[in-house]
Each structure stands twice: as structure tokens, then as C-alpha cells.
Amino acid sequence: EEGTPDCDVLSWSGGKDSFLALVAKANQAARDVVLLTTFDGRSGQVAHHDVHIADIRGQAERLSVSLLLVRLYPESDYQNRIITALQLLRAQRPIRRFAFGDLHLEHVRRWRLEHFGTALKALDIEPHFPLWKVPYSDLETVFFSSGATATVSAVADSGLSSICSVGDRFTADWLDQLPDDVDRFGENGEFHTLVTPPATSWRLSLIHI
């Protein structure tokens, strides 16, 4: 529709990486951001993070950000479902970027580019990684200064069961208790988080990408 403002879409799991990517996008102040969340259409659960889609809706409402929900079923093709959702949104307003909160795993970024790159190019949408290779110390500063909080929503690494559990607060002290061989942001899938966004202004100027 003519006159409808451009937007960026952000892949949103409800965890700390997604939130940090949203902060980075807000700092750029380039355009509106629409959150995109995939979830199990039968249970309403977001894969891996063990959070319910109701929690995701609550986050979007608290942040006053639009939310695009994509139901997945066993017979669903993940890539096709996401591309269809982007096509439907694009019919309503121009999309400039599809952003991901990936931090440093080359194989994950490569998978996204291989599986979405051609389709995104056809839609004239640019893949975007606003947190890519940003030092963890910077990310921690941003998160703990944002007013947001996070709790552990899932622990996938059985070796962590003695030192952390679901419901633990994601804090600087908690991070310092992690073994040296565990990624501080759980990038290898060791654990996942659920963020409670701040109720006040959360737009920071601590990351400049």
C-alpha cells in the first residue's frame, strides 16, 4: 500500500539474543521492526526455548512491537512457512531486512544464507546479522543496562544440571559461575532464556553496528 512505511523483520525466540538484536535495530532507528516467531501449532510452544507463544505475545505487547506468528506442524516445511509469512507481510508493507540474532556460529549463519538467501533475494529482502561478532563483554553491558531481565527457560546440557536450572536469573554472577567450556550466551544450545522487557524506554546507544 502506497505510503506504508518500510519495515525490518526480526527472527524472535523471546530470548536474550533476540532482545539484543532488537536493541541494535532500534539504535539504527532506520525503520519499524516486526518480530517473527515460529511455534508448534499443536502445543503453542517455541522450539528449544520451552516457552509458550503467550509469553511471546506478552513481550510484543510490552515492547509495543508488531508480531508475526508462524505456526509449524510436523508436515510443515520450515523454510516455506517463513517465506510465505514474509510474502504475506510484504503484500501489506515493504520489507527491507530479515534480521537474526546470531552471534558467532559460522555454520548457523551459513545455513540461514543457504536456505533463505535465494528466496529473500527474490523478495528484495536483505539478510541481516546486527550482533555478528560483537564482543560478549559489549553484549553483556547492553543487556544488563537495558532494564530487561531474563530467566533460564531450558537447559539442554546435562553437564550443567548441578549448577543451573530452569528459572535461574540470567545475571552477571550467574554467568561467572558457568564452566569455562560453556558458551556464556549458550550459543551451542547449552541453555536458553526468556526475557522480560523493561517497562520503560529500552532504546540504548551502546551498540553501534
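Placed above this text is the structure.
What counts and how
- Residues numbered from 1 in each chain as written.
- Predicted model: local features only at pLDDT ≥ 70, side-chain atom pairs only at ≥ 80, totals over all residues.
- Heavy atoms only, no water.
- Helix = DSSP H or I, 4+ residues; strand = E, 2+ residues; numbered from the N terminus.
- Contact = heavy atoms within 4.5 Å.
- Buried < 20%, exposed > 50% of the residue type's maximum accessible area, 1.4 Å probe, protein only.
- Pairing = 2+ DSSP bridges.
- Arc of directions from axis to C-beta.
- Salt bridge = Lys/Arg side-chain N within 4 Å of Asp/Glu carboxyl O.

Engineer: Teacher, can you tell me more about unusual backbone geometry here?
Structural biologist: Look at Asp50: it is not a glycine, yet its phi comes out positive at around 55°. Following the sequence through the fold, Asp50 ends up in the loop between strand E3 (45-46) and strand E4 (51-52). In this model, Lys133 sits at a positive phi of 65°, which is unusual for a non-glycine residue. Summarising the element assignment, Lys133 is placed in the loop between strand E7 (126-128) and helix H5 (136-145).

Engineer: Any chance you could explain the environment of Val182 here in plain terms?
Structural biologist: With respect to the secondary-structure elements, Val182 resides in the loop between helix H6 (172-176) and strand E9 (191-196). Beyond its immediate stretch of four places on either side in the chain, Val182 contacts Leu160 and Glu190.

Engineer: Explain the pairing of strand E1 (residues 7-11) here, please?
Structural biologist: It is a general feature of regular strands that their side chains alternate between the two faces of the sheet. Burial analysis of E1 places 4 of its 5 residues in the buried class, the great majority of the element. Where E1 lies against strand E2 (residues 32-40), 5 bridges are found, and the strand directions are parallel. Residue pairing in the sheet places Asp8 in a bridge with Val33 of E2. Sheet analysis places E1 next to strand E6 (residues 95-99), joined by 4 bridges and oriented parallel. Bridging from a neighbouring strand, Asp8 pairs with Arg97 of E6.

Engineer: Sorry, what's going on with helix H2 (residues 53-63) here?
Structural biologist: Residues separated by three or four positions in an α-helix point in the same direction, a consequence of the helix having 3.6 residues per turn. Of the residues making up H2, those classed as buried are Ile53, Ile56, Gln59, Ala60 and Leu63. For H2, the arc enclosing every buried residue in end-on projection is 110°, short of the 170-degree limit, so these residues lie on one face. In the core, the buried residues of H2 are packed alongside helix H1 (16-28), E2, E3, E4, strand E5 (66-72) and E9.

Engineer: Would you mind showing me how to read the pattern of salt bridges here?
Structural biologist: Pairs may arise between side chains of opposite charge once their charged atoms sit close together. Overall, the coordinates contain 11 salt bridges when judged by the stated rule. Of the charged contacts in the structure, one is a salt bridge between Lys133 and Glu106, with a shortest N-O distance of 3.3 Å. Of this pair, Lys133 sits in the loop between E7 and H5 while Glu106 sits in helix H4 (residues 106-122), and the two are 27 residues apart along the sequence. The partly exposed category is assigned to Lys133, whose relative accessible area is 48%. By relative accessible area, Glu106 is classed as partly exposed at 43%. Residues participating in the shared-partner salt-bridge network are Asp8, Lys25 and Arg31.

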